[in-house]
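Structural features, examined
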Amino acid sequence: MKAISVRQPWAWGIIYSTKDIENRGWPINYRGDILIHAAKKCTKKEYEIASIFCQSMGVSIPELHSLRRGQVIGIVTIVDCRFSQVVSGWGIPGQYHWQLVVCQGNFAK
């Protein structure tokens, strides 16, 4: 099965909250299930920036130390991919917006 690494807390947002767009600099033609791997690296500064953005979306994220890293945390289905120059919810301008639907989450260690 295909997988993609996503830094925390973005990976958490995809699996456990409302983040239904993954922003990437390249398009994907694949449609179907893909594993979400929570990357090991997440600096305190990256966490703070993400936390501010998530709050603007009405989402409170867990503390950095409690976020699982370096493991697969769920499965999503990629249902679409479109380039956008405008802000759209979780989508940032100038990126490809991979539209996701959660299939499964909360994989145990």
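Predicted, not measured: the structure shown is a model, and the values here were computed from it.

**Details of the state of the cysteines**
Enumeration over the complete set of coordinates arrives at zero disulfides. A disulfide-free cysteine, cysteine 103 has its sulfur positioned 17 Å from the sulfur of cysteine 81, the nearest such atom. The class for cysteine 103 is partly exposed, based on a relative accessible area of 39%.

**Here's the deal with the pattern of salt bridges**
Following the criterion strictly, the structure yields five salt bridges and no others. In this structure, aspartate 80 and arginine 31 form a salt bridge, with 3.8 Å as the shortest nitrogen-oxygen distance. Here arginine 31 lies in the loop between strand 2 (21–24) and strand 3 (32–38) and aspartate 80 lies in strand 4 (residues 71–84), a separation of 49 residues in the sequence. Among the residues examined, aspartate 80 registers a relative accessible area of 18% and is labelled buried. Residue classification places arginine 31 among the partly exposed positions, given a relative accessible area of 38%. A salt bridge links arginine 82 to aspartate 80; its shortest N-O distance comes to 2.7 Å.

**Side note on the packing of aromatic side chains**
Enumeration according to the criterion identifies six aromatic pairs in this entry. When the ring of tryptophan 10 is compared with that of tryptophan 90, the centres are 6.5 Å apart and the planes differ by 85°; the resulting orientation is edge-to-face. A residue pair is termed long-range when its members are at least 10 positions apart, and tryptophan 10 in helix 1 (residues 10–16) and tryptophan 90 in the loop between strand 4 and strand 5 (95–105) qualify at 80 residues. Between phenylalanine 83 and tyrosine 96, the ring centres sit 5.1 Å apart and the planes meet at 65°, which makes this aromatic pair edge-to-face. In this pair, phenylalanine 83 is assigned in strand 4 and tyrosine 96 in strand 5, connecting sequence segments 13 residues apart. On the accessibility criterion, phenylalanine 83 (41% relative accessible area) is partly exposed. Joined through ring pairs, the aromatic side chains of Trp10, Phe53 and Trp90 make up one cluster.

How each quantity is defined
Residue numbers here run from 1 along each chain, matching the order of that chain's written sequence. pLDDT decides what is reported in this predicted model: residues at 70 or higher carry local features, side-chain atom pairs at 80 or more are listed and counted, and totals for whole chains, interfaces and linings draw on all residues regardless. By convention in this description, side-chain values take in all heavy atoms of the structure and omit both hydrogens and water. By convention in this document, the label disulfide applies to cysteine sulfur atom pairs within 2.5 Å. Exposure is judged per residue with a 1.4 Å probe applied to protein chains only, and the accessible area is read against the type maximum: over 50% gives exposed, under 20% gives buried, and values in between give partly exposed. Should a side-chain nitrogen of Lys or Arg be within 4 Å of a carboxyl oxygen of Asp or Glu, the pair is scored as a salt bridge. In this description a helix means any DSSP run of H or I spanning at least four residues, a strand means any run of E spanning at least two, and both kinds are numbered starting from the N terminus. Pairs were defined over the aromatic rings of Phe, Tyr and Trp, the Trp ring being its six-membered one, requiring ring centres within 6.5 Å. Orientation was assigned from the angle between planes: stacked under 30 degrees, edge-to-face over 60, tilted for the rest.

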